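# A structural walkthrough
Residues per chain, in single letters:
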Amino acid sequence: MQLTQSHIDYWHKNLRLTAILLAIWFVVTYLMAWFAIPLAEIKIFGWPLSFYMAAQGSLVVYVVIIGYYAVAMRKADLEHGVHEGEDE
Amino acid sequence: MATSQKSFTQQLKKYYTFYTGGFVAFVVALAIAEQMGMPPRWIGYCFLFFTILLYAGIGIMSRTVEVAEYYVAGRRVPAFFNGMATGADWMSAASFIGMAGTLYLTGFQGLSFIMGWTGGYVLVALLLAPYLRKFGQFTIPDFLGARYGGNIVRSFGVIAAILCSFTYVVAQIYGVGIITSRFTGLEFGIGVFVGLAGILVCSFLGGMRAVTWTQVAQYIILIVAYMIPVVWLSVKHTGVPIPQAVYGKVLERLTEREKQLTADPKEQEVRKIFADRAKAADDKLKALPASFETERAAAAKKVEDLRAGAAPKAELDAAEAALKGFPASPDAAKEKWTKDKAGATARTAPPRPHATPYPGKDEAARDTARLNFIGVVFCMMFGTAALPHILMRYYTTPSVQEARVSVFWSLFFIFLLYFTAPALAVLAKFDVYTLVVGKAFAELPRWVNAWQSVDASLLSIVDINKDGIVQLAEIVIGGDIIVLATPEIAGLPYVISGLVAAGGLAAALSTADGLLLTIANALSHDLYYKMINPNASPTMRITVAKALLLVVAIIAAYVTSLKPGNILFLVGAAFSMAASAFFPALVMGIFWKRASKWGAISGIIAGLGVCLYYMVHTYPTFISWFGTTPMTKWFGLEPISAGMFGVPVGIVTIWIVSLLTPAPEKEVQELVDHVRYPSLAGDIDTRGT
């Protein structure tokens, strides 16, 4: 099993995407929680922003992150020829 | 095969659409029966037995003797359905019943569970699911064994998997026992075993295959049961049937109401009475042992005085009861008064502001609250990405890409419930604060009296300042009531209460199924087949697996019947343990080729060790069980978040020890490449048989 340059690029692309998505995850989770007190001053539709994020906003971001990852990786699989055959 | 997979999916869609329709018809039929005079208890029975019968039916239809079918449902569960099954597997009694109640009681602080139990799926999706699917065997110890070469790591994997799954399953069976006993009037112990039967019919004959298809059915029931009452309550208070979108306005009104109640003189009067009681208990405690005699004499004298005078009977009865219940010894008195003091002190505080993050009297208290919020988020997230019964589900999809999509559907289906729970908590709280508080005792809503008589620990309202009006400070409410009583609070017929109970039961049963299967598989597959008898025939392996499932289930039910304590803590503890033991070794095994066998072994021991050490020295129940000496909490972090120390210790240990020991062999490096790419030319094959 010999890895080609394309394989290595694929893996690096995956690592980069993973790192970016985890950074977003970190911001909406931990940075938000850390600054929850000042963020509570901002109000949207009746919710203090930190309450809204913890109850709903961050959750929506999580769903989007996972959905985006699945779509982007499918594309990368095809580009780098590591996608699964139809019989998998 | 591609076309057969497609028609399989079509068929599943057809079945489950019929099933959902059938279930709705069943509920409607019961609703009509209720209007025609069917007693509530029978409705409870109908829901209990009909749903268990249904699961049994699916279980029997899915029976199997094939190894791959038994362990991973034949690896052909479509992403969408695996998502639903994971949702049910995931959402336990703690989520279904406990979550909204925790939010009701703790406000913002409780949202840490909401974030932790959803955000963890980001880690599952990005760091684990696709790679584990490519590896494609049966259990999590399988992966550890293959990646780190040998049975030592595998055995640690087995021990850790059993430890956290067992802690978790006890909490689930406990939930099953509570629901069955409350809605049918059976005793708790009997409820546990009825529930156990329900769990076993799902998994015994068909293993993972049966569990998967019952879990899909259970998800449908639980989500319907959760949504109906909340939507109704939302219409009642806002006129809009989408609670998640409009409860912000209710939250604003609730915050106003909290301010009113904090300043209200009548409320302050009640809180003052509790402060006086706390002080009285404290004075008695300080005066021990002398106060023991004087207090007893005073109680006896009061009875005599009341007898001599023409006191009302109720007052005399109360005084007699107080004398009769007087502690037998100074030690017993100390215990009782300490408890009285704590109970009264807890009720002297004004209402906790629901929307405010980290309320506290000073900077230090706020910082501790913030740290504990982050601690819970951290441990629930990393625990999610390490609990074997969840990770195992991603072995069952047909491909790597399906596994990725499947995590998306999993979180989507979980999200539906979790972003509704905060809305439910706010709506229910608003209802209590405006429609119960301030009412005369004579005209309380009917559900209040009904639940008070069921269980005083769930709801008790006593007129403390004798003004005939309910003050907030006079209400003691248990978290679990929020979901259980919502149908009645919203003014819905009893059939919806039955539906909610069926939903709670579905949540608890489905999680318990997944967990029991994980434990039994760790024993039958990893311990028996991989380590003791590698030549066992497929028939033998299935037989052993089923026998072990039975044994584990009975042990778990026995431990549960001992009532080992707080459900939410048990669940949290399982997450911290799983995070500390598995997360570092699994993720570093995929992303760092250099991670070595001894690195993994020492990492699992160190991570789990630190986590357990912290828990048994800081959690009161564990301290009394194991007789350990209590210690000060590090940075004030609660024991439930012990994983916050365990995970970093595990990661650092693996890193250091790996660099000190020889690099893994070439085969292991190839295995890592193998799991990183969905498909490689000339690839090795690691799929389990």
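What you see is a predicted model, and the numbers here were worked out from it, not measured in a lab.

### Section: the overall build of chain B
For chain B, the helix and strand inventory stands at 28 helices and two strands. Against the globule reference of 26 Å for 689 residues, chain B gives a C-alpha radius of gyration of 27 Å, in line with a compact fold. Considering only C-alpha atoms, chain B reaches an extent of 95 × 65 × 45 Å along its principal axes. Split into buried and exposed, the 689 residues of chain B put 52% on the buried side. Once local pairs closer than 6 in sequence are excluded, the contacts in chain B between residues at least 24 apart make up 82%.

### Quick word on the confidence of the model for chain B
Residue and element names in this part refer to chain B. Summary statistics for chain B give a mean pLDDT of 88 and a share of 99% for residues scoring 70 or more. Within chain B, the element-level pLDDT minimum falls on helix α9 (residues 188-203), averaging 79, and the maximum on helix α27 (residues 643-660), averaging 96. Among the scores for the predicted complex, ipTM is 0.95 and pTM is 0.90.

### Thoughts on the environment of T345 of chain B
Of note, T345 of chain B is situated in helix α15 (residues 330-346). A sequence separation of 17 residues divides T345 of chain B from D362 of chain B, and the C-alpha atoms of the two residues are 19 Å apart.

### Here we look at the packing of helix α6 (residues 111-135) of chain B against helix α28 (residues 666-676) of chain B
All names here are of chain B. The geometry of α6 relative to α28 is characterised by a closest axis approach of 8 Å and an angle of 115 degrees between their N-to-C directions. Between α6 and α28 lies a crossing whose hand is right-handed. Within the contact between the two elements, α6 uses Y131, K134 and F135 and α28 uses H674, V675 and R676. In terms of residue class, the contact of α6 with α28 is made up of three nonpolar, one polar and two charged.

### A short note on helix α21 (residues 481-489) of chain B
Residues and elements named next belong to chain B. Within α21, nine of the nine residues are buried, which leaves it mostly tucked inside the rest of the structure. Of all the positions in α21, only I481, I482, V483, L484, A485, T486, P487, E488 and I489 are classed as buried. One or two positions beyond α21, positive phi appears at G491, with a value near 75 degrees.

### Some words on the interface of chain B and chain A
Chain B puts 48 residues into the contact, and the matching count from chain A is 42 residues. Residue assignment for the side of chain B that touches chain A shows that the elements contributing at least two residues are α6, α11 (243-263), α16 (363-384), α18 (400-418) and α28 of chain B. Here the side of chain B that touches chain A gets ten residues from one element, more than from any other, and that element is α18 of chain B. Class assignment for the residues of the side of chain B that touches chain A results in 32 nonpolar, nine polar and seven charged.

The rules behind these values
Residues numbered from 1 in each chain as written. Chains lettered and ligands numbered in written order. Predicted model: local features only at pLDDT ≥ 70, side-chain atom pairs only at ≥ 80, totals over all residues. Helix = DSSP H or I, 4+ residues; strand = E, 2+ residues; numbered from the N terminus. Rg over C-alpha atoms; globule rule 2.2 N^0.38 Å. Buried ≥ 20, exposed ≤ 12 C-beta atoms within 10 Å, placed from the backbone. Contact = placed C-beta atoms within 7 Å. pLDDT = per-residue confidence, 0-100. Axes fitted to C-alpha atoms, helices over the stretch in contact; angles between N-to-C directions. Left-handed = near helix turned anticlockwise from the far one by under 90°. Nonpolar A, V, L, I, M, F, W, Y, C, P; charged D, E, K, R; others polar.

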